[in-house]
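Descriptive structure summary
Each chain, written out:
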Amino acid sequence: MSKVQISRPAISLVTDSIDNISEFSTSYSGNLNSLFANNSSVGVLAICAAEGNCQIDGRKTSLYYYHVDPGNRKVNRGFCSDQGRGGTNLVNADAGCLSRTRSRIPRLVRKLQNSSINPEQNIEAFINNLDQWNQASPRVSDSFPKKYADAQNKGLKGKEAILWARVEAFRRRNGELEAGSSRVGLFSICANPKNTYYTTRLQQYSIFSERWRWNCIALDQRRRLEAINQVLARNMK
């Protein structure tokens, strides 16, 4: 999770429960897999940019080679910030990132389809869903498809629908937005007085209140989705 500039936080506040989504066999063409065919594929570049490990044109930043996660202090390498899974070898890190990302495609395709979302007609939402699989607890990426459908039903479109869904996907079954604590995770970054980019934008909210949580998550999620959007605009007609 990098400290790239973030655009304005969203202001909508809506509570939704996380519903169970039934599972059935998944059917889709190879177009979705081609987004993650290799380390130069557009989906890989999008996640790399969302992590701050690549620039929009695909050039690697210093974070790609090594950085310490500000949320949990683990060492990251590779396009996905691999949390140390590849050891000190960048080739292993990227190979692990690619394998791990590909492994989740069938599950998230199925959940999108179950929410009446065609992932092949919603490529940007699909890549954002996989980006959340890379970034957060599995419960978050599992919740995104239903939240994205809800966002569209509320009349949200484009990046605002994706943002709303990305933030709301962090809700637990009890309705609480959860992204770490004061010690670890995204909330620890937003609460740290040294991270003035976050604290100055959240100072109007009572710390750890619902609105503080929503906008803390939104700051981070908007940065990520904007990076993905720019990569797709550059690489896809």
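Structure report, in brief. (Residues numbered from 1 in each chain as written. Predicted model: local features only at pLDDT ≥ 70, side-chain atom pairs only at ≥ 80, totals over all residues. Heavy atoms only, no water.)

Here we take up the packing of aromatic side chains. Working definition: an aromatic ring pair is given by the centre-to-centre distance plus the angle between the planes. Per the counting criterion, the structure on display carries six aromatic pairs. Ring centres of Phe 187 and Trp 212 lie 5.5 Å apart, and the angle between their planes is 55°; on these two criteria the pair is classed as tilted. Pair noted here: Phe 187 is in helix H8 (residues 185-191) and Trp 212 is in helix H10 (residues 210-235), with a separation of 25 residues, a long-range link. An aromatic cluster of three or more residues is present, and its members are Phe 187, Phe 208 and Trp 212. The positively charged end of Lys 60 is found above the aromatic ring belonging to Tyr 64, 5.0 Å away from the centroid. Positioned above the aromatic ring of Tyr 197, the side-chain terminus of Arg 201 is 3.4 Å from the ring centre. (Phe/Tyr/Trp six-rings, centres within 6.5 Å; stacked < 30°, edge-to-face > 60°. Helix = DSSP H or I, 4+ residues; strand = E, 2+ residues; numbered from the N terminus. Lys NZ or Arg CZ within 6 Å of the ring centre and 35° of its normal.)

A separate point is helix H6 (residues 138-153). The end-to-end C-alpha separation of H6 is 24 Å, in line with the 22 Å expected for 16 residues at 1.5 Å each. Maximum bend of H6: about 35°, positioned at Phe 144, with proline Pro 145 one to four residues after it. The buried count for H6 comes to 12 of 16 residues, which makes it a mostly enclosed element. All of the buried residues in H6 are Arg 139, Val 140, Ser 141, Asp 142, Ser 143, Phe 144, Pro 145, Lys 147, Tyr 148, Ala 149, Asp 150 and Ala 151. Its buried side turned inward, H6 meets helix H4 (90-114), helix H5 (123-135) and helix H7 (158-168). Following H6 by one or two positions, Gly 155 has its phi on the positive side, about 95°. (Expected span 1.5 Å × (residues − 1). Bend = angle between axes of the 7 residues up to and from the residue. Buried < 20%, exposed > 50% of the residue type's maximum accessible area, 1.4 Å probe, protein only. Contact = heavy atoms within 4.5 Å.)

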